Amino acid sequence: MDLAAPSTPATLPRPAPGPLPAYRARVASGALVPDQAQALAAETLQDLWRRLRGYDPHPEAPEGGGFFSRFFRRKSAEGAPEGTPHGLYLVGGVGRGKSMLMDLFFACADLPRKRRIHFHQFMQECHQRIHAWKRAHPGEPDPIPPLADAVAAEAALLCFDEFQVHDIADAMILGRLFEALFHRGVVVVATSNTLPQDLFKGRPGRDAFLPFIALIRERLDVLVLDAARDYRRERILGLPTWHTPLGGRAERALDAAFRELTGEARGKPCRLAVLGRSLELPEVARGVARADFEALCGRHLGPADYLALATHIHTLVLDGVPRLGAENADRARRFITLVDALYEHRCKLVASAEAPPDRLHEQGENAAMFERTASRLVEMQSQEYLSLSHLT
Ligand SMILES: Nc1ncnc2c1ncn2[C@@H]1O[C@H](COP(=O)(O)OP(=O)(O)O)[C@@H](O)[C@H]1O
Ligand SMILES: [Mg+2]
C-alpha cells in the first residue's frame, strides 16, 4: 500500500466563491460577529460579483478607437455601454463594516482589471495626471478624455474607499470624469459616510455639482449599511493604548493592536499630498497608520503634515516615544504639534513610550507647554475619547 497517497475524499466540497461565502466563513470562524445588515450587504455584493465575472469592456478600443468600435459599442440612454452592470454605493456610519465588506468583495472580484484605492488618493492622482498631461500637450484644451482613457485602461472595476468631496477642485472635474469613465464601461463600487444627495452640501458651487450627484444615483445602486454596532469603536475600546516601558513587550502589544484594528499584520506604504509636497507613511491599512516616533518627529515635518495625517487616518500606532527634554527639543515640539493635530481630529493613538504621559517631559524649555499635551494624552486614553468619531 502506498502510504504517501493523498487521502482527501473526492467528495469534499470546495468552498463556494464570492463575497457572501467569504463573509459567512469569517462569521463561522469567529473572526466576525454575525450582523444581519452586513449579511444583506454581502448578498448584494454577491449579486454584483456574479454579474462582474470576467467583465472586460475592451479598453483598447475606447470611443474614438475606430469606426467599428464606435458602431458596435452602442451606448444606453445613461451613457454607459449596454449591459454594463450598475455599481454600488455603500453608505453608513463609521465602523459599520463598509470597508471590510468592500475589501472582501474586491479580493474575490473575478475580472482581469480591478483597482481598489482610497478616494482622496485617487483624486490626488487625477490632479497630478491632469497637470502632467497639460504640460505635455500645451494648447490642447481638454484633459478629461485622456485621463479617463488612462484610468479605464487600468481598471474596469474601481473600488473607492471613503468617497467624499470636500475640495472644489475635485468637485469641478468629478462630473465629467465619471461620465467619461461610465462611458468607457467602468463599474464603480464605493464606501462613504455620506449619502450621494448630501455630497458637497452647503458648499459654494454646489449647483454645478448636482449633475454629478444625479449621475452617481443613476449608475450606482445605493445601499445603506445599517449595521447594529460600531465595530471599530468596540475594537479600540478593548485595547490598552499607552504601553510603557519601551521594549519587546511594548512592541508586541503594538503589533497586536495593529492586527486587531486592521485585520492585517502589516500595512502598505501610503503617500499623502501636503501643500504640493508629499508625506510618505510607511504602513497604512484600513485607516490605521503605524510609524516610528523618529519617522514622524525626527525630521522636518510641520503642522500641515500632521494635519494631513490626522484627517487621513483615524488611528495612529506610534512606536518608541522617548523621554523628551533639552537634548531633543525639536522632536518634543513636533510631538506636541502632532498630538494637537490628532486630538483636534479625534484621532486615536496607540503608543509605546519610555514613560507615562505626565513623566515624559519633566525638564527643558517645552516642559511647561507639554503639560497640556500630557493632559491630552491622558484624555486620549479614556473610553469617552475612544468613543468619539474621527473628524475628517
Ligand atoms: N461583524 C463584525 N464583527 C467584528 N468586527 C467587525 C465586524 N464588522 C466590521 N468589523 C471590524 O470593525 C472595524 C471597522 O470596520 P470597517 O469596515 O473599517 O468600518 P467602516 O468602513 O464602515 O468605517 C474593522 O476592524 C472591521 O474588521
Ligand atoms: Mg471605512
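Residues numbered from 1 in each chain as written. Chains lettered and ligands numbered in written order. Predicted model: local features only at pLDDT ≥ 70, side-chain atom pairs only at ≥ 80, totals over all residues. Heavy atoms only, no water.

Caption draft 1: Seen up close, the domain arrangement of the protein. What the domain assignment lists for the protein is domain 1 (19-224) and domain 2 (231-387). Between the C-alpha centres of domain 1 and domain 2 the distance comes to 33 Å. Between domain 1 and domain 2, the buried area comes to about 930 Å², and carbon and sulfur atoms account for 42% of it. Interface area lost by domain 1 to domain 2 is led by Gly 95, Gln 121 and Gln 124, which between them contribute 39%. Applying the counting criterion to the domain 1 and domain 2 interface returns one salt bridge. (Domains from an automatic or database assignment. Buried area = accessible area lost by both parts, 1.4 Å probe. Salt bridge = Lys/Arg side-chain N within 4 Å of Asp/Glu carboxyl O.)

Caption draft 2: Structural view of the environment of Ala 169. Structurally, Ala 169 can be placed in helix α7 (residues 168-183). Residue classification places Ala 169 among the partly exposed residues on the basis of a relative accessible area of 33%. (Helix = DSSP H or I, 4+ residues; strand = E, 2+ residues; numbered from the N terminus. Buried < 20%, exposed > 50% of the residue type's maximum accessible area, 1.4 Å probe, protein only.)

Caption draft 3: Region of the structure containing helix α10 (residues 248-262). Under the 1.5 Å per step criterion, the end-to-end length of α10 is 21 Å for 15 residues, consistent within 8% with the ideal 21 Å. Burial in α10 covers these residues: Ala 250, Leu 254, Ala 257, Phe 258, Leu 261 and Thr 262. Buried residues of α10, seen end-on, are gathered within an arc of 105 degrees and therefore sit on one face of the element. Among the exposed residues of α10, those pointing more than 90 degrees away from its buried face are Arg 249 and Arg 252. (Expected span 1.5 Å × (residues − 1). Arc of directions from axis to C-beta.)

Caption draft 4: Just the packing of helix α12 (residues 303-312) against helix α13 (residues 329-344), in detail. Interhelical geometry of α12 versus α13 gives an angle of 35 degrees and a closest axis separation of 9 Å. Judged by the twist between their axes, the crossing of α12 over α13 is right-handed. Taken together, the residues of α13 that come into contact with α12 (itself represented by Pro 303, Tyr 306, Leu 307, Leu 309 and Ala 310) are Arg 334, Thr 337, Leu 338, Ala 341 and Leu 342. Across the contact of α12 with α13, the residue classes break down as eight nonpolar, one polar and one charged. (Axes fitted to C-alpha atoms, helices over the stretch in contact; angles between N-to-C directions. Left-handed = near helix turned anticlockwise from the far one by under 90°. Contact = heavy atoms within 4.5 Å. Nonpolar A, V, L, I, M, F, W, Y, C, P; charged D, E, K, R; others polar.)

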